[in-house]
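Chain by chain, the residues:
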Amino acid sequence: KESSLIFDPNPSYAGLRLGRIQRLQWSNDRGVECFGDLIYPPHFNPGQRYPLIITQYESRGFLRGGTGDEFPIQLFAKAGYLVLNIQRPRAPAPTRNTGASIAVQQQDDILADRYSVLSMIETMLSHLVQAGLVDADKVGITGLSDGSTTTQFAALHSSRFKAGSVSGCCWEPSQSWLLGPAIQRQYAAAGWPPAADANSRLWKEMSLARNADRVAFPILMQAADGEFLAALESFQALRAVQLPVDLYVYPDELHVKRYPVHRLNIYRRNLRWFDFWLRDKIPETDDDEAEAANWVAMREIWRKRR
């Protein structure tokens, strides 16, 4: 049987040159099997080291912008980036610490899972650097939902990334009173401590607000108006220590943004953000002038502080 074209809604797509995609398989430092896809720039030059952007957290085909479609893989590749799109690995086996409470065991399991996901990324990053493909000083990380959590965790537990961009953010004690009792009960059942538990190991290792001085890289947040309140604790804490952080809020949106004009602006801003922090490229159009001036000012203050 043969198929015939009835209507092409996007005729210009056929003229685009896309980057080559290579399936990769490896194991992290805990022996967990992992896989993902490496996307090359369309005009890839062997022997050249490229900046790299990590996208998350599924890699099962139809690569567009990672889970939630906010981080445009082929647009990054066209701009001269290598892109590593990862498939989130399975969680390690649950903790069996009979001397600890169920809540403590649950928190240990959450942290073990976060370390495992971070190890997956860093293990392949090391391989790509050793292979001469990636410039180790120009690596960015992105994510929505669980990918945002990975980015948040990396900001406190890794020195490998130079910039990050997230959608909804972040796991913080304030979620107890911001998100309501029903969601808080759901989180508590999974092991997340309440805001009042200031000494929780989980908050000490996860909260950006309580570890603002430890955050390793600038962070862009592009949040839905239905979720942005949860970002304010992290955002204000990072602003207080003068770490570069920017927050944009998109109206009438929920967890996965739906309006094409919002997606377009998110794509463009993400590319500008990584061009600025990884390649020292300042946005040049008049529409971006105020944004560029803000980023330059944040960078100068951060450099002096460091």
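Refer to the structure presented above.
Residues numbered from 1 in each chain as written. Predicted model: local features only at pLDDT ≥ 70, side-chain atom pairs only at ≥ 80, totals over all residues. Heavy atoms only, no water.

Caption draft 1: Geometry of the overall build of the protein chain. Scanning the protein chain for helices and strands turns up nine helices and eight strands. Over its C-alpha atoms the protein chain spans a radius of gyration of 20 Å, differing by no more than 12% from the 19 Å that the globule rule assigns to 306 residues. The principal-axis extent of the C-alpha atoms belonging to the protein chain is close to 60 × 50 × 45 Å. Out of the 306 residues belonging to the protein chain, those deemed buried represent 51%. Relative to all contacts within the protein chain whose residues are 6 or more apart in sequence, the contacts with residues 24 or more apart total 68%. (Helix = DSSP H or I, 4+ residues; strand = E, 2+ residues; numbered from the N terminus. Rg over C-alpha atoms; globule rule 2.2 N^0.38 Å. Buried < 20%, exposed > 50% of the residue type's maximum accessible area, 1.4 Å probe, protein only. Contact = heavy atoms within 4.5 Å.)

Caption draft 2: Looking closely at the nonpolar core. By size, the foremost hydrophobic cluster in this structure holds 71 residues, and its most contacted members are Leu38, Leu52, Val134, Phe161, Ile219 and Met221. Counting residues per element, this core draws most heavily on helix α2 (residues 102-130), at nine residues. Apart from the residues lying within four places of it in its own chain, the contact partners of phenylalanine 161 are Ile54, Leu118, Ile121, Leu125, Val139, Ile141, Ala154 and Phe217. (Core = buried A, V, L, I, M, F, W, Y, C linked by side-chain atoms within 4.5 Å.)

Caption draft 3: A look at the pattern of salt bridges. Summed over the entire model, instances satisfying the criterion amount to 20 salt bridges. Linking arginine 272 and glutamate 291 is a salt bridge whose minimum nitrogen-to-oxygen distance equals 2.7 Å. Residue arginine 272 is found in helix α8 (residues 260-279), and its partner glutamate 291 is found in helix α9 (residues 289-305); the two are separated by 19 residues along the sequence. Classification of glutamate 291 by relative accessible area gives buried; the value is 8%. A salt bridge links aspartate 280 to arginine 303; its shortest N-O distance comes to 3.8 Å. A residue pair is termed long-range when its members are at least 10 positions apart, and aspartate 280 in the loop between α8 and α9 and arginine 303 in helix α9 qualify at 23 residues. What makes arginine 303 partly exposed here is its relative accessible area of 47%. Within this structure, Arg88, Asp113, Arg114 and Asp146 form a network of salt bridges that share partners. (Salt bridge = Lys/Arg side-chain N within 4 Å of Asp/Glu carboxyl O.)

Caption draft 4: Highlighting the side chain of asparagine 270. Looking at the element boundaries, asparagine 270 is found in helix α8. Sequence-distant contacts of asparagine 270, that is, excluding residues within four places in its chain, are made with Glu70, Phe71, Phe76, Ser165, Leu220 and Gln222.

Caption draft 5: Region of the structure containing the packing of aromatic side chains. Considering all chains together, one arrives at 14 aromatic pairs under this definition. Both rings, one in tryptophan 192 and one in tryptophan 203, keep their centres 5.8 Å apart while their planes meet at 45 degrees; by these two values the pair is tilted. Note that tryptophan 192 is positioned in the loop between α5 (181-190) and α6 (201-206) and tryptophan 203 in helix α6, a separation of 11 residues in sequence. You'll find tryptophan 192 and tryptophan 203 in the same group, each marked buried. Between tryptophan 277 and tryptophan 302 the ring centres are 6.1 Å apart and the planes differ by 80 degrees, which places this aromatic pair in the edge-to-face class. Separated by 25 residues along the polypeptide, tryptophan 277 in helix α8 and tryptophan 302 in helix α9 bring together distant segments of the chain. As far as the burial class goes, tryptophan 277 and tryptophan 302 line up, both buried. In this arrangement the basic side chain of arginine 20 is found over the ring face of tyrosine 40, its NZ or CZ atom lying 4.0 Å from the centre. (Phe/Tyr/Trp six-rings, centres within 6.5 Å; stacked < 30°, edge-to-face > 60°. Lys NZ or Arg CZ within 6 Å of the ring centre and 35° of its normal.)

Caption draft 6: Local environment of the state of the cysteines. Inspection of the entire model under this criterion finds one disulfide. Across the disulfide, cysteine 169 is cross-linked to cysteine 170 (sulfur-sulfur distance 1.4 Å). Given an S-S torsion of about 70 degrees, the disulfide between cysteine 169 and cysteine 170 has right-handed geometry. Residue classification places cysteine 169 among the buried positions, given a relative accessible area of 9%. Take cysteine 170: its relative accessible area is 10%, and that puts it in the buried class. (Disulfide = S-S within 2.5 Å.)

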